[in-house]
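# Breakdown of the fold
In case you want the letters, here they are:
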Amino acid sequence: MEPVHIIQSHFVPLQMENIDTDQIIPARFLKATTREGFGKNLFRDWRYENNDEALPKKDFILNRKDYGGKILVAGKNFGCGSSREHAAWALLDYGFSVVISSFFADIFKGNSLNNGLLPVQVSELFLQKIFRLDKNAMLHVDLENQTIKMVATGEKETFEISSYKKNCLLNGYDDIDYLVSIKHDIELFEATISK
């Protein structure tokens, strides 16, 4: 995984609540076992007329050329529904590094953190302020300090993350990488209990 420290970027506002994992990546696209290639089917049923890539829906936010960036901002209860690691894969493969919402489904949040996608939970008030920003506005997400800031106004808010997952994201570790990183400590511990 790529380390995550500071992400400053334009953002894509998806002002809808209760977006479930089947809407993020429809089940019919879950046949692959590698993480690549899912981005082209992100929000597939919302992006295209009659499921035809030649017919993009002009009003859907991902099809608009005036929006882009590494940050997706969505309404509350993002990632609800079935457990689907592919949802995090699709968001990452599309180019998002951060998803912001006022509430995440627990399973989606865990799958995101395990795959290097940072879910940032903010207050509903702060979320609505982001949605009111100009489309050229930038957001600044600082994982080390656990803050998110609207660059134009300087207004910021803190967010919570487990210290373990924060450490993993800062270093680009998955769970196995983390264990390898503390191998020496494990060996010392084993030596003390085997005496």
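With that settled, consider unusual backbone geometry. Although it is not a glycine, N18 adopts a positive phi angle of roughly 60°. Relative to the helices and strands, N18 resides in the loop between β2 (11-14) and α1 (21-24). When its relative accessible area of 42% is taken as the criterion, N18 is described as partly exposed. Unusually for a residue other than glycine, N51 sits at a positive phi of about 60°. For N51, the location among the structural elements is in the loop between α2 (44-47) and β3 (71-74).

With that out of the way, let us pick up the nonpolar core. Formed by 27 residues in total, the largest nonpolar core has its most connected members in I24, F43, L72, F78, L91 and F108. Where this core is concerned, the elements lending two or more residues are β2, β3 and α3 (85-94). The leading source of residues in this core is α3, at five residues. In contact with F43, other than residues within four places in its own chain, are L14, I19, Q23, I24, F60, L62, L72, F78 and L91.

Our focus in this paragraph is the sheet that holds strand β8 (residues 156-158). Read across the sheet, four strands follow the order β1-β6-β7-β8 without closing on themselves; strand pairing throughout is antiparallel. For this open sheet the edge positions go to β1 (6-9) and β8, each flanked by a neighbour on one side alone. When the angles between neighbouring strand axes are averaged without regard to direction, this sheet yields 10°. Examined bridge by bridge, strand β6 (residues 139-142) and strand β7 (residues 147-150) share four bridges and lie antiparallel to one another. Residue pairing for β7: L139 is matched across the bridge by M150. Lying on the sheet, helix α5 (residues 124-131) is in contact with β6, β7 and β8; it crosses β7 at an angle near 35°.

Scoring rules and cut-offs
- Residues numbered from 1 in each chain as written.
- Predicted model: local features only at pLDDT ≥ 70, side-chain atom pairs only at ≥ 80, totals over all residues.
- Heavy atoms only, no water.
- Helix = DSSP H or I, 4+ residues; strand = E, 2+ residues; numbered from the N terminus.
- Buried < 20%, exposed > 50% of the residue type's maximum accessible area, 1.4 Å probe, protein only.
- Core = buried A, V, L, I, M, F, W, Y, C linked by side-chain atoms within 4.5 Å.
- Contact = heavy atoms within 4.5 Å.
- Pairing = 2+ DSSP bridges.
- Axes fitted to C-alpha atoms, helices over the stretch in contact; angles between N-to-C directions.

Such coordinate-based values are descriptive only and should not be taken to indicate function.
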